[in-house]
Amino acid sequence: MFKERLRSSVILMAITLLTVILGGNVLFFTVLVISLIGSMEWYRMLKIERSSLSLMGVIASVGYYVLLFLGKEQYSIPFFIGMFFCLMTLLIRILRQRP
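A. Region of the structure containing the overall build of the protein. The helix and strand inventory of the protein stands at 4 helices and 0 strands. For the protein, the C-alpha radius of gyration of 18 Å lies well beyond 13 Å, the compact-globule estimate for 99 residues. By principal-axis analysis of the C-alpha atoms, the protein measures approximately 50 × 40 × 15 Å. Pairs at least 24 residues apart make up 47% of the contacts formed inside the protein by residues separated by at least 6 positions. Accessible area of the protein: about 8,000 Å², with a carbon and sulfur share of 72%. When the 10 positive and 4 negative side-chain charges of the protein are each reduced to one mean point, those points stand 7 Å apart.

Here you go:
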């Protein structure tokens, strides 16, 4: 067990070092993928991985990274306000369906 964890940590450190050295788009998309994996693990822990709430979270994450990639950071606050209103609408819809 220890050897397997040691091996995987050495491999991940090498990948991390290579990603940071390359920088730019490689680092950007690596951080995007890590963010999405972390979000999906969080949704799995909350047992909502197949719900519309998790889809909303993935759309918000990807949308934010698209804004960053395109250099449109000034639209991030309006984007998150719009996502917040969509999330509130979705939560109201879900709560009204409950008995």
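B. Structural context of unusual backbone geometry. With phi around 60°, Lys47 is a residue other than glycine that occupies positive phi space. Secondary-structure assignment places Lys47 in the loop between α2 (24–46) and α3 (52–70).

C. Examining the packing of α3 against helix α4 (residues 76–97) more closely. Two elements in contact, α3 and α4, have axes whose closest approach is 11 Å; the angle formed by their N-to-C orientations is 175°. Put simply, α3 runs roughly antiparallel to α4. Between α3 and α4, the residues in contact are Ser52, Leu53, Met56, Ile59, Ala60, Gly63, Tyr64 and Leu67 and Ser76, Phe79, Phe80, Met83, Cys86, Leu87, Leu90, Leu91 and Ile94, respectively. Residues belonging to the contact of α3 with α4 are distributed by class as follows: 14 nonpolar, 3 polar and no charged.

D. Quick look at the side chain of Ser54. Its location among the elements puts Ser54 in helix α3. Residue class for Ser54 comes out buried when judged on its relative accessible area of 4%. A distance of 2.8 Å separates a polar side-chain atom of Ser54 from the backbone oxygen of Ser51. When sequence neighbours within four positions are dropped, the list of residues in contact with Ser54 reads Tyr43, Ile48 and Glu49.

E. Structural view of α4. Given a rise of 1.5 Å per residue, 22 residues ought to cover 32 Å, and the 32 Å separating the end C-alpha atoms of α4 matches this to within 8%. Buried residues of α4: Ser76, Met83 and Leu90, and no others. Buried residues of α4, viewed axially, fall in a sector of 55°; they line one side. Along α4, the residues that are exposed and aim more than 90 degrees away from the buried face are Ile77, Phe85, Thr89, Leu95 and Arg96. Where α4 is buried, its residues touch α3.

F. Just the packing of aromatic side chains, in detail. Here the structure, examined in full by the defined rule, presents 8 aromatic pairs. Measuring from centroid to centroid gives 5.3 Å for Phe28 and Phe29, while their planes differ by 85°, and the two rings are edge-to-face. Note on Phe28: relative accessible area 18%, which makes it buried. Centroid distance Phe29 to Phe69: 5.4 Å. Interplanar angle 50°. Geometry classified as tilted.

What counts and what doesn't
Residues numbered from 1 in each chain as written. Predicted model: local features only at pLDDT ≥ 70, side-chain atom pairs only at ≥ 80, totals over all residues. Heavy atoms only, no water. Helix = DSSP H or I, 4+ residues; strand = E, 2+ residues; numbered from the N terminus. Rg over C-alpha atoms; globule rule 2.2 N^0.38 Å. Contact = heavy atoms within 4.5 Å. Areas by Shrake-Rupley, 256 points an atom, 1.4 Å probe, with all protein chains shown as cover. Lys, Arg positive; Asp, Glu negative; His and termini not counted. Charge placed at Lys NZ, Arg CZ, Asp CG, Glu CD. Axes fitted to C-alpha atoms, helices over the stretch in contact; angles between N-to-C directions. Parallel < 35°, antiparallel > 145°, perpendicular 65-115°, else oblique. Nonpolar A, V, L, I, M, F, W, Y, C, P; charged D, E, K, R; others polar. Buried < 20%, exposed > 50% of the residue type's maximum accessible area, 1.4 Å probe, protein only. Polar contact = N/O pair within 3.5 Å; in protein donor to acceptor, adjacent residues only side chain to side chain. Expected span 1.5 Å × (residues − 1). Arc of directions from axis to C-beta. Phe/Tyr/Trp six-rings, centres within 6.5 Å; stacked < 30°, edge-to-face > 60°.

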